[in-house]
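Residues per chain are reported as follows:
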Amino acid sequence: MKAGILIPVLTSKDAVGADALAMVAILENLGIETRVFCLSASGVAHRTFPADQLPGFAGGPGDLVIYHFSTGWPDAIGLLRRCRGYRVVKYHNITPPGFFREYSDDYRMACEKGRGELVTVAKLGCELYLGDSGYNLDELVDAGASRQGGGVLAPFHRVGEIVEAEADVALIDTLTDGAKNFLMVGRVAPNKGHLALVDAFDAYVQGWSGAARLVIVGKIDPRLQRYTDAITGRIEAYGLGDRVMWINAASEAQLKAAYLCSHVFMLMSRHEGFCVPLIESMAIGTPVVAHASSAVPLTLGDAGLLWEEDDPWLYAASAARLFADDELRADLLARARRRYREEFSVDVLTRRFTDYLEPVL
């Protein structure tokens, strides 16, 4: 048996790429010759191969193919149809295009294209459909996939590398000046709710005395400049410029320092297929306050304060409660550590992954 991993673009620090590379390592440790087939790769040492070579390598009846579905890619559908073995679709979700309508026609059209392929992929009759979350699996089933032939497997991640990294000392010095640090980690994109985050932070500044800082960790995308401008415009309108720190393309050392020194991880995202930063917060020990959208409740569980409402004052008050209530904070952190250990540790995910592949292994 041979195994092929099919992914449009492979990058090591991207959540989808990290998931794919972890699967490669597991399959290779099982003694299975495994190759990655993609259109392009960057920042990875692992050798990759042109996507159109997949059927010739792992297209036989005894082979395994895993397609990481996170964007539109018509060629992948054709390649899956040509393969005759055990075909797995790992669905990482595609953002609904409406989030980009005000900010980027290119992103809007790309998301429309990707979501337009959801039904086609779901009806290919692949042997296994996996979602990063139950939310993702429900989308596959609604599109026509069989729930009996599906399952949930959280993405493999790089949390261990962050935990083991040396934290950035200079950033620690900056963030331990007595201010309460609000942290947001994630792609700077309209579905992530940065505008609502700024609203909640401003409510805290208005309602509670004392120094506070908003730390935004996320890579700025030039193609979404209008969205970035909207965030900075709202920060300026509230007069919060001197209270906001933006870390663009953070290193692992900076990311660890930000988690360690933050008093709350506040997630106001409107759409998530899983949200890896939530489990980073669980593992490192940053208490979470979050908006209960999409897959967020399924990932967070009982390990944070979760609200369906949009009121910024509710989130500000939740943060203030965390800062003042040591018992609540300790309880949430204990729940978070337990949830990470029982649901999202690499050992747990590896066991689930191999269990799903039992029919072909």
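Residues numbered from 1 in each chain as written. Predicted model: local features only at pLDDT ≥ 70, side-chain atom pairs only at ≥ 80, totals over all residues. Heavy atoms only, no water.

Novice: Even after reading the chapter, I still don't get the packing of aromatic side chains, so can you show me in this structure?
Specialist: Aromatic ring pairs are described here by two measures, namely the spacing of the ring centres and the angle between the planes. Enumeration according to the criterion identifies 16 aromatic pairs in this entry. With 5.8 Å between their ring centres and 45 degrees between their planes, phenylalanine 37 and phenylalanine 57 make a pair best called tilted. Linking phenylalanine 37 in strand E3 (residues 33-38) with phenylalanine 57 in helix H2 (residues 54-58), this pair joins segments that are 20 residues apart in sequence. Note on accessibility: phenylalanine 37 and phenylalanine 57 belong to one class, buried. Across from the ring centre of phenylalanine 49, 4.5 Å away, lies the NZ or CZ of arginine 35, which sits over that ring. (Phe/Tyr/Trp six-rings, centres within 6.5 Å; stacked < 30°, edge-to-face > 60°. Helix = DSSP H or I, 4+ residues; strand = E, 2+ residues; numbered from the N terminus. Buried < 20%, exposed > 50% of the residue type's maximum accessible area, 1.4 Å probe, protein only. Lys NZ or Arg CZ within 6 Å of the ring centre and 35° of its normal.)

Novice: Before we go on, may I ask you to explain the pairing of strand E14 (residues 288-291) in this structure?
Specialist: Residues in a regular strand project their side chains so that they alternate between the two faces of the sheet. Side chains of E14 alternate between two faces, with Val288 and Ala290 and Val289 and His291 buried alike. Note: strand E13 (residues 264-267) against E14, three bridges, orientation parallel. Following the sheet pairing, phenylalanine 265 is matched in E14 by valine 288. For the crossover that starts at E13, traverses helix H12 (residues 276-284) and ends in the parallel E14, the hand is right-handed. (Pairing = 2+ DSSP bridges. Right-handed = clockwise from strand over helix to strand, strands pointing away.)

Novice: Just to check I follow, could you spell out the sheet that holds strand E11 (residues 212-217) for this structure?
Specialist: Taking strand neighbours across the sheet as the criterion, the six strands line up as E12-E11-E10-E13-E14-E15 in an open arrangement whose pairing is parallel. Unpaired on one side and paired on the other, strand E12 (244-247) and strand E15 (305-307) mark the two borders of the sheet. The mean inter-strand angle of the sheet, taken between neighbouring strand axes irrespective of direction, is 20 degrees. Pairing analysis gives six bridges linking strand E10 (residues 180-185) to E11, with the strands arranged parallel. Paired with valine 185 across the two strands is valine 217, which belongs to E11. (Axes fitted to C-alpha atoms, helices over the stretch in contact; angles between N-to-C directions.)

Novice: Got a minute to help me understand the nonpolar core in this structure?
Specialist: Burial of nonpolar side chains together is a common tendency in soluble globular proteins. Within the largest apolar cluster, 127 residues are counted, with the highest numbers of intra-cluster contacts made by Leu6, Leu27, Leu64, Phe182, Phe265, Met266 and Phe353. The contacts of leucine 27, once residues within four sequence positions are left out, are Ala3, Ile5, Ile32, Thr34, Leu64, Ile66, Phe353 and Leu357. (Core = buried A, V, L, I, M, F, W, Y, C linked by side-chain atoms within 4.5 Å. Contact = heavy atoms within 4.5 Å.)

Novice: What exactly am I supposed to notice about the pattern of salt bridges here?
Specialist: Once the charged atoms of two side chains with opposite charge are near each other, the side chains can pair. By the definition in use, this model includes 18 salt bridges. In this structure, arginine 335 and aspartate 302 form a salt bridge, with 2.9 Å as the shortest nitrogen-oxygen distance. Residue arginine 335 is located in helix H15 (residues 326-344), and its partner aspartate 302 is located in the loop between helix H13 (296-300) and E15; the two are separated by 33 residues in the primary sequence. Overall, the relative accessible area of 27% leaves arginine 335 in the partly exposed class. For aspartate 302, a relative accessible area of 38% puts it in the partly exposed group. Sharing partners across several salt bridges, the network here consists of Asp19, Lys90 and Asp132. (Salt bridge = Lys/Arg side-chain N within 4 Å of Asp/Glu carboxyl O.)

Distances and angles like these do not, on their own, reveal function.
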